[in-house]
Amino acid sequence: MLTLVALLALGQISFEPQPLPQVRVGPVTPFTGQPTTNYLQADLNGDGALDLILPEYFNLQEQGRFPESKRGPLPPCDSAVEADLFGGKLYYRGRSTLQIHAWNGGSWNLELAQSLERPGDDISFSPEGPAGSVPMFRRFTCDLDGDGAPELVDLDTDGVHLYRRGETEYGNAGMLAVFPTTVVNRSGPQTIWPPSERQLVLPEQRMSCRLLLSEHALSVIIDLEGAEGRARFRRDDLGLKLDDERQFVITGTQSFTSDEVPDHVRPCFLNDDAIPDYAGSHWVLSDVAPVPMPVHETWASLDGGKTFQIERATTFHNFRPYTSFVDFDSDGDQDMIVEATGFFELGLRESINQYLSSKIIPHTIRILPQAEGRFGGGDLVCEVSLEIDAPPVSPGPMLARYQAGELVNLTGDLNGDGFRDLACRRR
């Protein structure tokens, strides 16, 4: 991967590439604009700049770059462990061990090493690998009680197991039985003829939900069965506190069950109110153009799924935006991003001619700010021209990148003014 170092000069931004072949960036997490990565970031040396931590090594940041002279190994793994970062410290957790390492400027300092027995269920988050292997990054730290020292979270079929740090070591801090009961998956009809093909198939069971842990709170989002093409969800918001024995207990539960909603939307958090939000997108064919063209619809509900705001955009052959929601103005609420192409806005003959010969794709980005329970009002619109390597009739790699939303990015604040900036790969 090439990292791009932004340099501000005379009101313009230039980019200087730096090769980092070990770094990988994957698909964006829905509704957050955050990509999946094979690295973590934390300020290890306390200079205010985020450093890179990969399974094989760490790299300190210096003046916007990651020089090889600032690269070093991670603490060795005595066994297969998972790793997480909290407050600039590196947490190693194995099947029955816990270590906390802090970078002291020249070497890793082992701050804590203890035994820590974890649930014995096979579903528990425990990496598999030979002794001495590189750590596997997993999220298992969260400051639930707000004391600055994170709790450790583990899961098995019984529930959420919590571990809290005492005066010296971590100890068991309770188990929250918040998971839904198992349900039987629907299965298709079995073959009964000829008799030699008959077999006894036991029904599969599943138990799935999504968890959101935050200070003094836990949210559980459960998929419920809906009619064909529809979906239903239940969100349980649970308050947490420490009892007299310093164990986490549930203080109360507030539940929301949605009406049936389209199956292309999912629960999400688009603002910080207590009303569940839903968002998603899908493609439909335009019924007004001379030739049916794909239209990308972005759906969002800020009132618990009662009403949906739908924004339509003519797209290019299943084009998908890099992200549909991002907090553009840093006010804490997610704003909607709608991207469209002007490739087919001309008449039928002109559109066909462009498809056969043009390497320029006119592209429009709309930013709809969230305010007063809806998106829009004071929209920002930006139009750019993107050059691909060959006309669409002979698709090349650049067209595939465009369709995947990789040529336009609105998730980074390049100059630190609190507003997201638009980065485009023009050619």
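What you are looking at is a predicted structure, and each value in this text was computed from that prediction instead of being measured.

Looking now at the overall build of the protein. In terms of helices and strands, the protein carries two helices and 36 strands. Of the contacts made within the protein by residues no fewer than 6 positions apart, 46% connect residues no fewer than 24 positions apart. Within the structure as shown, the protein displays about 23100 Å² of accessible surface, and the carbon and sulfur contribution to it stands at 51%.

Before going further, it helps to spend a moment on the side chain of Glu297. Counting through the fold element by element, Glu297 comes out in strand β27 (residues 294-301). Of note is the side chain of Glu297, whose polar atom sits 3.1 Å from the side chain of Trp299. Of note is the side chain of Glu297, whose polar atom sits 2.5 Å from the side chain of Arg312.

As a further point, take unusual backbone geometry. Glycine aside, a negative phi is what most residues show, and trans is what most peptide bonds show. Backbone geometry places Gln63, a non-glycine residue, at a positive phi of 55 degrees. Structurally, Gln63 can be placed in the loop between β7 (57-59) and β8 (71-73). Positive phi outside glycine occurs at Arg246, with the angle close to 60 degrees. For Arg246, a relative accessible area of 43% gives the class partly exposed.

Here we take up the packing of aromatic side chains. Inspection of every chain in the model, using the stated rule, returns eight aromatic pairs. Among the aromatic residues, ring-to-ring pairing joins Phe58, Trp103 and Trp108 into one connected group. Here the basic side chain of Arg93 rests over the ring of Phe140, its NZ or CZ set 4.3 Å away from the ring centre.

Below, the discussion takes up the pairing of strand β17 (residues 170-176). Alignment of strand β16 (residues 159-165) against β17, held across five bridges, turns out to be antiparallel. What sits directly across from Tyr163, in β17, is Asn172. Between β16 and the antiparallel strand that follows it, β17, lie four residues.

Across the sheet, four strands lie side by side as β25-β26-β27-β28; this open sheet has antiparallel pairing. Lying at the two open borders of the sheet, with one neighbouring strand each, are β25 (265-268) and β28 (309-314). Going from strand to strand, the sheet's axes swing by 20 degrees on average, the running direction of each strand aside. In the sheet, strand β26 (residues 277-285) pairs with β27 via eight bridges, with the strands oriented antiparallel. Its bridge partner lying in β27, Gly280 is registered against Trp299.

Moving on, we come to the nonpolar core. Membership of the largest hydrophobic core comes to 20 residues, with the highest contact counts inside it found for Phe316, Ile337, Ile361, Ile365, Leu386, Leu399 and Tyr402. Elements that contribute at least two residues to this core include exactly β31 (360-368), β34 (380-387), α2 (397-403) and β35 (408-412). Apart from residues no more than four positions distant in its own chain, Ile361 is found in contact with Thr341, Phe343, Val384, Ser385, Leu386, Ile388, Leu399 and Tyr402. Judged by nonpolar contacts, the second largest core, of 16 residues, contains Leu162, Phe179, Leu238 and Phe248.

A separate point is the sheet that holds strand β29 (residues 325-326). The sheet built from four strands is open, its strands ordered β29-β30-β31-β34 with antiparallel pairing. Of all strands in the sheet, those with a lone pairing partner are β29 and β34, marking the two edges. In this sheet, β34 lies alongside β31 in antiparallel orientation, the contact comprising eight bridges. Bridge pairing links Ile360 to Glu387 in β34.

Okay, the environment of Met175 next. In this structure, Met175 sits in strand β17. Note on Met175: relative accessible area 38%, which makes it partly exposed. When residues no more than four places from it in sequence are discounted, the contact partners of Met175 are Asp158, Gly159, Val160 and His161.

On the surface, Leu348, Ile352, Leu356 and Val393 cluster together to form a nonpolar patch covering roughly 340 Å² of accessible area. Mapped onto the elements, Val393 comes out in the loop between β34 and α2. We classify Val393 as partly exposed; its relative accessible area is 40%.

For the protein, per-residue confidence averages 83 on the pLDDT scale, and 88% of positions sit at 70 or higher. Contacts from residues 1-7, a stretch scored under 50 in pLDDT, to residues over four places away or in other chains number 29 contacts.

Moving on: the environment of Asp145. Structurally, the position occupied by Asp145 is in the loop between β14 (141-142) and β15 (151-156). Since its relative accessible area comes to 12%, Asp145 is described here as buried. Sequence spacing of Asp145 and Ser214 is 69 residues, and the spatial spacing of their C-alpha atoms is 8.9 Å. Leave out the neighbours within four places in its chain, and Asp145 touches Glu151, Arg164, Glu215, His216, Leu242 and Phe248. There is a polar contact of 3.3 Å between the side chain of Asp145 and the backbone nitrogen of Asp147. A polar contact of 2.7 Å, which involves the side chain of Asp145, links it to the side chain of Arg164.

About the cut-offs
Residue indices begin from 1 for each chain and proceed along its sequence in written order. Reporting in this predicted model follows two pLDDT cut-offs: at least 70 for local features of residues, and 80 or more for side-chain atom pairs to be given and counted; totals over whole chains, interfaces and linings ignore these cut-offs and use all residues. Note: side-chain values were computed over all heavy atoms of the structure, leaving out hydrogens and water. In this text, helices come from DSSP runs of H or I with a minimum length of four residues, and strands from runs of E with a minimum of two, each type numbered from the N-terminal end. Contact criterion: two residues are considered in contact whenever any of their non-hydrogen atoms come within 4.5 Å of each other. Note on areas: Shrake-Rupley, 1.4 Å probe, and residue coverage restricted to the protein chains presented here. Under the rule applied, a polar contact is a pair of N or O atoms within 3.5 Å (in protein, one hydrogen donor and one hydrogen acceptor; residues adjacent in sequence only if both atoms are side-chain atoms). Whether a residue is buried, partly exposed or exposed follows from its accessible area with a 1.4 Å probe, protein chains only, as a fraction of its type maximum: under 20%, in between, or over 50%, in that order. Note on ring pairs: Phe, Tyr and Trp rings are taken, using the six-membered ring of Trp, and paired if centres are within 6.5 Å. Classes follow the plane angle, with under 30 degrees stacked, over 60 edge-to-face and the rest tilted. In this scheme, Lys NZ or Arg CZ marks a charge over a ring once it lies within 6 Å of the ring centre and within 35 degrees of the ring normal. Paired strands, in this sense, are two strands between which DSSP finds at least two bridges. Between N-to-C directions, angles span 0 to 180 degrees; the directions come from axes that are lines fitted to C-alpha atoms, helices contributing only their stretch in contact. Only buried residues count toward a nonpolar core. Its members are Ala, Val, Leu, Ile, Met, Phe, Trp, Tyr and Cys residues joined through side-chain atoms within 4.5 Å. Put simply, a patch holds well-exposed residues, over 30% relative accessible area, that have no salt bridge, with like charges counted together within 9 Å and Val, Leu, Ile, Met, Phe, Trp or Tyr side chains within 5 Å. Should a side-chain nitrogen of Lys or Arg be within 4 Å of a carboxyl oxygen of Asp or Glu, the pair is scored as a salt bridge. Predictor confidence is given residue by residue as pLDDT, running from a minimum of 0 to a maximum of 100.

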